[in-house]
Amino acid sequence: LNSVRLSFFQMMKTFCVSAPTRCALLAAAVLFTGAGESPAILGLFEKDTAKVVPDASQLATQEGQAGALFAEAAQHEAAGQVKKALGIYKKIVKNYPRTQAASDSQFKTAEIYQGEGKSKRAFEEYQDFLTEYKSSPRFKEAVQRQFDIAEELRTSGSKGSIGGLVAASQPSELLKFYQLIGV
């Protein structure tokens, strides 16, 4: 293999290929000739299982598992254990992204941050909800909540900061909020 690499480099020098280009070509050759421990070298050929669409049977199983976790998170939230609930909601979104419970969990995550006064984080979580769950019946509500957060930041002006942002001194940040609403 080393002799192949050396002859490859010598051939590239003959064709007046720059050193960085030779390195890039060598790396590509090593990756695609099977050199290395596995075909999934550097993770380039691994499947992202979160993006694989489950069949009806798998989805039904996932709905049940995610629903049970959602009920558990809701119990923790009702008991005032918000951090624990938040962790479970995030776990549902990550592990069961195509379930109704994931949609509900993403929305609940945003609601929790909004309730804690973390407006910027809540806005971002609503944006994730809008991006991932466009067909949710709560889509319009999420857009409205984003607008409400942006309005709250705009009108707070001299009242101080909300979610770590001082609205009066950061108009460009506020403008970003308005631009993202419903996108």
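Residues numbered from 1 in each chain as written. Predicted model: local features only at pLDDT ≥ 70, side-chain atom pairs only at ≥ 80, totals over all residues. Heavy atoms only, no water.

**With respect to the pattern of salt bridges**
Threshold: Salt bridges are defined as contacts in which a side-chain nitrogen from Lys or Arg sits within 4 Å of a carboxyl oxygen from Asp or Glu. Residue burial is assigned from relative accessible area. The probe radius is 1.4 Å, only protein chains are included, and a residue is buried under 20% of its type maximum, exposed over 50%, and partly exposed in between.
Summed over the entire model, instances satisfying the criterion amount to nine salt bridges. As a salt-bridge pair, E116 and K118 come within 3.4 Å of each other at their nearest N and O atoms. Overall, K118 belongs to the partly exposed group, its relative accessible area being 40%. Bridged by salt links that share partners, the residues E77, K108, E111, R138, E141 and R145 form one connected network.

**Remarks on helix α3 (residues 56–78)**
Our working rule: The way it works is that DSSP assigns letters per residue, a run of H or I at least four long becomes a helix, a run of E at least two long becomes a strand, and they are numbered from the N terminus. Expected span, for any helix, means 1.5 Å times one less than how many residues it has. Two N or O atoms count as a polar contact when they lie within 3.5 Å, although within protein this holds only if one can serve as hydrogen donor and the other as acceptor, and sequence-adjacent residues are included solely when both atoms are side-chain atoms.
Taking 1.5 Å of rise per residue, 23 residues should cover 33 Å, and α3 covers 32 Å from first to last C-alpha, within 8% of that figure. N-capping of α3 is provided by D55, with a side-chain oxygen placed 3.1 Å from the backbone N of S57. Trailing α3 by a residue or two, G80 shows a phi angle of about 85°, which is positive.

**Here we look at the packing of aromatic side chains**
Using the following cut-off: Pairing of aromatic side chains here covers Phe, Tyr and the six-membered ring of Trp, requires ring centres within 6.5 Å, and sorts the geometry by plane angle: under 30 degrees stacked, over 60 edge-to-face, intermediate tilted.
In total, this model carries four aromatic pairs according to the counting rule given. Judged by centre distance (5.4 Å) and plane angle (50°), the rings of F70 and Y89 are tilted. A residue pair is termed long-range when its members are at least 10 positions apart, and F70 in helix α3 and Y89 in helix α4 (residues 82–95) qualify at 19 residues. Between F107 and Y126, the aromatic rings sit 5.5 Å apart at their centres with planes inclined by 65°, giving edge-to-face as the arrangement.

**A few points about the packing of helix α5 (residues 100–115) against helix α6 (residues 119–132)**
Each pair of packed helices gets described by two things: the angle between the helix axes and the distance between those axes. Counted only if it meets this: To obtain each axis, a line is fitted to C-alpha atoms, and for helices this fit is confined to the stretch in contact; angles are then taken between N-to-C directions over 0 to 180 degrees. Should an angle lie under 35 degrees it is considered roughly parallel, over 145 roughly antiparallel, and from 65 to 115 roughly perpendicular; all remaining angles are considered oblique. By convention, the crossing between two helices is left-handed when the near helix turns anticlockwise from the far helix through less than a right angle, and right-handed when the turn is clockwise. Only heavy atoms enter the contact rule, under which two residues are in contact if any of them lie within 4.5 Å. Note on residue categories: nonpolar means Ala, Val, Leu, Ile, Met, Phe, Trp, Tyr, Cys or Pro, charged means Asp, Glu, Lys or Arg, and polar means any other residue, Gly included.
It is at 7 Å that the axes of α5 and α6 come closest, and there the two elements cross at 165°. By the criterion of interaxial angle, the relationship of α5 to α6 is roughly antiparallel. Viewed along their axes, α5 and α6 form a crossing whose handedness is left-handed. Contact residues: S103, Q106, F107, T109, A110, E111, Y113 and Q114 in α5; R121, A122, E125, Y126, D128 and F129 in α6. Here the contact of α5 with α6 is built from residues that sort into six nonpolar, four polar and four charged.

**What to know about the confidence of the model for the chain**
Quick note on the threshold: A residue's pLDDT is simply how confident the predictor is in it, with values from 0 to 100.
A residue-level look at the chain finds 58% of positions with pLDDT of 70 or above and a mean pLDDT of 78. pLDDT under 50 marks residues 158–169. Its contacts with residues more than four places away, or in other chains, come to 23 contacts.

**Some thoughts on the packing of α3 against α4**
Interaxial distance between α3 and α4 falls to 7 Å at its minimum, and their mutual angle equals 160°. What the angle tells us is that α3 and α4 run roughly antiparallel. Relative to α4, α3 is oriented so that their crossing is left-handed. Where α3 approaches α4, its residues A66, L69, F70, E72, A73, A74, H76 and E77 are matched on the opposing element by V82, K84, A85, I88, Y89 and I92. Here the residues of the contact of α3 with α4 sort into ten nonpolar, one polar and three charged.

**Details of the environment of T61**
Residue placement: T61 occurs in helix α3. Taking the C-alpha atoms as reference points, T61 and T99, separated by 38 residues in sequence, lie 10.0 Å from one another.

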